[in-house]
Amino acid sequence: QVQLVESGGGLVQAGGSLRLSCAASGSTFNFNAIGWYRQSPGKQRELVAVIRRGGITVYTDSVKGRFTISRDNAKNTMYLQMNSLKPEDTAVYFCNARKGDGFELWGQGTQVTVSS
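Treat the numbers as computed from the prediction; the structure is a model and nothing was measured.

A. The arrangement of the pairing of strand β9 (residues 91-98) in detail. In terms of burial, β9 is a largely internal element, six of the eight residues being buried. Both strand β4 (residues 33-39) and β9 contribute to a ladder of seven bridges, which runs antiparallel. Directly across from A33, in β9, lies its bridge partner R98. As defined by bridge partners, β9 adjoins strand β11 (residues 110-115) across three bridges and the pair is classed as antiparallel. The residue bridging A91 from the neighbouring strand is V112, located in β11. For β9 and strand β10 (residues 104-106), the ladder comprises three bridges, and the chain directions are antiparallel. The partner of A97 across the bridge, within β10, is L105.

Here's what the structure looks like:
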């Protein structure tokens, strides 16, 4: 079974940048969508960005223009480039891969902390 492992989180000042990586142990080509979610203490997990089959990308409004999701199929890796980070971006970021029948995989999460 494919496993997802995130990396690249850390502490950064407001206005800074981070790039998250999500490495899959196998191909995610057959998954309908791969994406990034985040969860802050006391809040529900929310979608940040997703790449759907066909390469369609969708972003939550709060990150549009600042974050970019991408994938490298040859490396079975997905990325989230985060620029102009804000304190409200602080959260644990999870990568997710989902099939059409609802089956989905989650990574273990990586902490992103943005200081003001």
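B. Structural context of the packing of aromatic side chains. In total, this model carries two aromatic pairs according to the counting rule given. An angle of 65° between the planes, with centres 5.0 Å apart, marks the rings of Y37 and W106 as edge-to-face. Within this pair, whereas Y37 is found in strand β4, its partner W106 is found in strand β10, the two being separated by 69 residues in sequence. You can call Y37 buried: its relative accessible area is 14%. Judged by relative accessible area, W106 falls into the partly exposed class, the value being 33%. A ring pair is formed by F94 and W106, whose centres lie 6.4 Å apart and whose planes are at 90°; its orientation type is edge-to-face. Of this pair, F94 sits in strand β9 while W106 sits in strand β10, and the two are 12 residues apart along the sequence.

C. Focus on the sheet that holds strand β7 (residues 67-72). On the basis of which strands lie adjacent, the open sheet formed by four strands has the order β1-β3-β8-β7 and antiparallel pairing. Two strands bound the open sheet, and with one partner strand each, they are β1 (4-7) and β7. Between one strand axis and the next, the sheet turns through 15° on average, direction left out of account. Of the strand pairs in this sheet, strand β3 (residues 18-24) and strand β8 (residues 77-82) are connected by six bridges, and their pairing is antiparallel. Considered in β8, the bridge of L20 is made with L80.

Definitions and cut-offs
Residues numbered from 1 in each chain as written. Predicted model: local features only at pLDDT ≥ 70, side-chain atom pairs only at ≥ 80, totals over all residues. Heavy atoms only, no water. Buried < 20%, exposed > 50% of the residue type's maximum accessible area, 1.4 Å probe, protein only. Helix = DSSP H or I, 4+ residues; strand = E, 2+ residues; numbered from the N terminus. Pairing = 2+ DSSP bridges. Phe/Tyr/Trp six-rings, centres within 6.5 Å; stacked < 30°, edge-to-face > 60°. Axes fitted to C-alpha atoms, helices over the stretch in contact; angles between N-to-C directions.

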